[in-house]
Amino acid sequence: MNKRIYMDHAATTPVKKEVLEEMLPYFTENFGNPSSVHAFGRRAREAMDLARERVANALNASVDEIYFTSGGSESDNWAIKGVALANKEKGNHIITTQIEHHAVLHACQYLEKHGFKVTYLPVDKYGLVTEEQVLNAITEKTILVTIMFANNEIGTIQPIKEIAKVVRDKGIYFHTDAVQALGSVPIDVKDLDIDLLSLSGHKIYGPKGVGVLYIKKGVKIDAVLHGGAQESNRRAGTENVPGIVGMGKAVELACNNLDKRIDRLTRLRDRLIDGIMSKIPHTILNGHRQKRLPGNVNICFEYIEGESLLLSLDLEGIACSSGSACTSGSLEPSHVLLALGLPHEIAHGSLRLTLGDDNTREDVDYVLEKLPIIVNRLREMSPLFAQEKGGMKNV
Ligand SMILES: *Cc1c(COP(=O)(O)O)cnc(C)c1O
C-alpha cells in the first residue's frame, strides 16, 4: 500500500515549483534587507515591488493598497482590530457571522472584552447569510462588517457583492476573509466595492507564513504591529522577502486560467459528491450544492465518528479532514456545522475532502472505491447503527 492521495487543500497546499524557484534566490544571493539603500537592499526591494504589483493586478487594486503580513490570521486580526481602534469615536459595533474562521471570531471576542459589541449573524442550513440580515443588524454605532467570502469547512460562497453594497451604502467599512476564495472565485475589489480583504499564501500553492491585507485608499485603520517603518509605516518588521516573492507568484498563478481551474475542479467535486451520495446511504451534504467552492466536499455520515473515518482513510493513503484543521484534536464538533443547525451527533460524523490542482479523476475514483467499504465497516461496529437496523427490522 503506497498510494498517497492528498485531499486536504483547504488546510494547506504544496508550494508550486514555479513559486519555489522564484523564492530560492532570496534566501541566498539576494538576501538583502529591503530597507537598506545599497545594491543588496535594492534588489530585495525590487522583488517586493514586483510581488506587490502582481497582487494588485490580480485584485484590480493599486500597489499602495497591498500590505504584506505573516498570513491570513494576521490579516484578519489587523483588519478587525485596526479598524475598530481607529474608528472607536464613531462607534463600537461590529457585525460578523457565526461561521467565520477563528482568526475573525477570536479577534471579535477579544474586542468584546474591550468595550466593543459584536453581532454574530446566524446562517441558513446551507451556511448562507443575506444582505437583508446584514442591513437589519446595522445600527448607528456600526463601524465594520466582516463576512468571509467562502467558508473553509463547508465551502459556501456568500453573496459578497450584494452584502458589500448595503454596507457601503451606509458608509460602513466592509472586510472579507478571502483566504479560501482566491483562485476559486473571481475577485475584483473595485467591482465588489470592498474596503479590506485578507489573503494567505499557503492556501494558494504559496509558502506558509505570508499573507496580504488589501486596504482601500482612505480607510482609517491603526497599526497592530508597531516598530519600524516597513509597509508604508503601517506594519512593522523586516519583510519576509522570499515569502513575499512566493506570495506574489502564487497570487498571479491562482488568478491565471481561473475559469479552467474552476471548471476542472467542479467536475471532480461533483463526481465525488454524486459518487458518495449514490454509493453510501444515510449521508448529508453540508453547504450549498451550487454556491460552493469548486474543490470542496463536506459530508456527514450518520452513525459514525469523523475521526475514525479519517484514521481509516489515512491507512488507505487518503488524507482529508473532519471539521476544520484548527479544531481537530478537540472533541467539540465544528462551530460551522453546529451553526447550520446539525445536531451534535451528526456533526461529529463529518468529513471534508478538498480537491486541488494535483488531484485527478483516478484519485476521486480511488476514494469512491475505498470510502464505502470503510463506512460500512465502521457502521457495522457502531452500536447506534445496529440499534437502528434492529429497530427497522421490528417495524
Ligand atoms: C487558513 C485560513 C485562515 C488563516 O490563514 P493562515 O495563513 O493559516 O494564518 C484564515 N481564514 C480562512 C478562511 C482560512 O482558511
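Before any of the text, the structure's been laid out above.
Predicted model, so just to flag it, every value in this text is computed and none were measured.

Overview of the overall build of the protein chain
For the protein chain, the count of helices and strands is 15 helices and 12 strands. Its C-alpha atoms give the protein chain principal-axis dimensions of about 80 × 55 × 35 Å. Taking the intrachain contacts of the protein chain between residues at least 6 apart in sequence as the baseline, contacts between residues at least 24 apart amount to 73%. For the protein chain, the separation between the mean place of its 46 positive charges and that of its 50 negative charges on side chains is 1 Å.

Thoughts on the site of the ligand
Around the ligand, 13 residues are found, and the nearest of them are Ser73, Asp177, Gln180, Ser200 and Lys203. In this structure, Ser200 approaches the ligand through a side-chain N or O atom, which is 2.7 Å from an oxygen atom. In this structure, an oxygen atom belonging to the ligand sits 2.7 Å away from a side-chain N or O atom of Lys203. The protein chains hide 88% of the 380 Å² of surface that the ligand would expose on its own. For the shell around the ligand, the element with the highest residue contribution is helix H3 (residues 72-86), accounting for 3 residues. The residue inventory of the shell around the ligand, partitioned by class, reads 2 nonpolar, 8 polar and 3 charged.

Side note on the side chain of Thr176
Here Thr176 lies in strand S6 (residues 173-177). At 2.7 Å, the side chain of Thr176 forms a polar contact with the backbone oxygen of Ile147. Not counting the four nearest positions on each side in its chain, Thr176 is found in contact with Ile147, Met148, Phe149, Ile160, Ile194, Leu196, Leu197 and Ser198.

Considering the environment of Asp195
Summarising the element assignment, Asp195 is placed in the loop between helix H7 (189-192) and strand S7 (196-200). Sequence separation of Asp195 and Val251 is 56 residues, and the distance between their C-alpha atoms is 19 Å. Setting aside residues up to four positions removed in sequence, Asp195 forms contacts with Arg168, Ile172, Tyr173, Phe174, Tyr214, Ile215, Lys216 and Val219.

Some remarks on the pattern of salt bridges
Per the counting criterion, the structure on display carries 24 salt bridges. Taking the shortest distance from any N to any O, the salt bridge between Asp263 and Arg267 comes out at 2.6 Å. Taken together, the positions of Asp263 and Arg267, both in helix H10 (residues 258-279) and 4 residues apart, correspond to about one turn of that helix. Overall, the relative accessible area of 39% leaves Asp263 in the partly exposed class. Where Arg289 meets Asp274, a salt bridge forms, and the shortest distance between an N and an O atom there is 2.9 Å. Taken together, the residues Arg289 in the loop between strand S9 (283-285) and strand S10 (296-301) and Asp274 in helix H10 connect sequence positions 15 residues apart. Taken together, the shared-partner salt bridges in this structure form one network comprising Glu22, Arg54, Lys249 and Glu252.

Re the packing of aromatic side chains
Scanning the model with the defined rule gives 3 aromatic pairs in all. With centroids separated by 5.4 Å and ring planes inclined at 40°, the aromatic side chains of Phe31 and Phe40 adopt a geometry described as tilted. For Phe40, a relative accessible area of 46% translates into the label partly exposed. Ring geometry for Tyr303 versus Phe385: centroids 5.1 Å apart, planes at 55°, classification tilted. Residue Tyr303 is found in the loop between S10 and helix H11 (306-315), and its partner Phe385 is found in helix H15 (residues 383-394); the two are separated by 82 residues along the sequence. Overall, the relative accessible area of 16% leaves Tyr303 in the buried class.

Conventions used here
Counting of residues starts from 1 at the beginning of each chain's written sequence and follows it residue by residue. Note on the predicted model: pLDDT of at least 70 is required for a residue's local features to be given, and 80 or more for side-chain atom pairs to be given and counted; whole-chain, interface and lining totals, by contrast, use all residues. Think of the side-chain values as coming from all heavy atoms in the structure, minus any hydrogens and water. Secondary structure is summarised from DSSP: a helix means a run of H or I of at least four residues, a strand means a run of E of at least two, and numbering begins at the N terminus for each. For this analysis, residues touch if any pair of their heavy atoms sits within 4.5 Å. For the purpose of counting charges, residues Lys and Arg are taken to be positive, whereas Asp and Glu are taken to be negative. His and the chain ends are not included. Note that the charge is assigned to NZ on lysines, CZ on arginines, CG on aspartates and CD on glutamates. Nearness here has a simple test: a residue counts as near a molecule or strand if at least one of its heavy atoms is within 4 Å of that partner. Each polar contact in these results corresponds to two N or O atoms within 3.5 Å; when the atoms are within protein, one needs to be able to donate a hydrogen and the other to accept it, and residues that are neighboring in sequence are counted only if both atoms are side-chain atoms. To measure how exposed things are, a 1.4 Å probe is used in the Shrake-Rupley method; for residues, cover is taken only from the protein chains shown. Note on residue categories: nonpolar means Ala, Val, Leu, Ile, Met, Phe, Trp, Tyr, Cys or Pro, charged means Asp, Glu, Lys or Arg, and polar means any other residue, Gly included. Any carboxyl oxygen of Asp or Glu that lies within 4 Å of a side-chain nitrogen of Lys or Arg is treated as forming a salt bridge with it. Working definition: with a 1.4 Å probe on protein chains only, accessible area under 20% of the residue-type maximum means buried, over 50% means exposed, and in between means partly exposed. The criterion for an aromatic pair is that two Phe, Tyr or Trp rings (for Trp, the six-membered ring) have centres within 6.5 Å, with stacked assigned to planes under 30 degrees apart, edge-to-face to planes over 60 apart and tilted to the rest.

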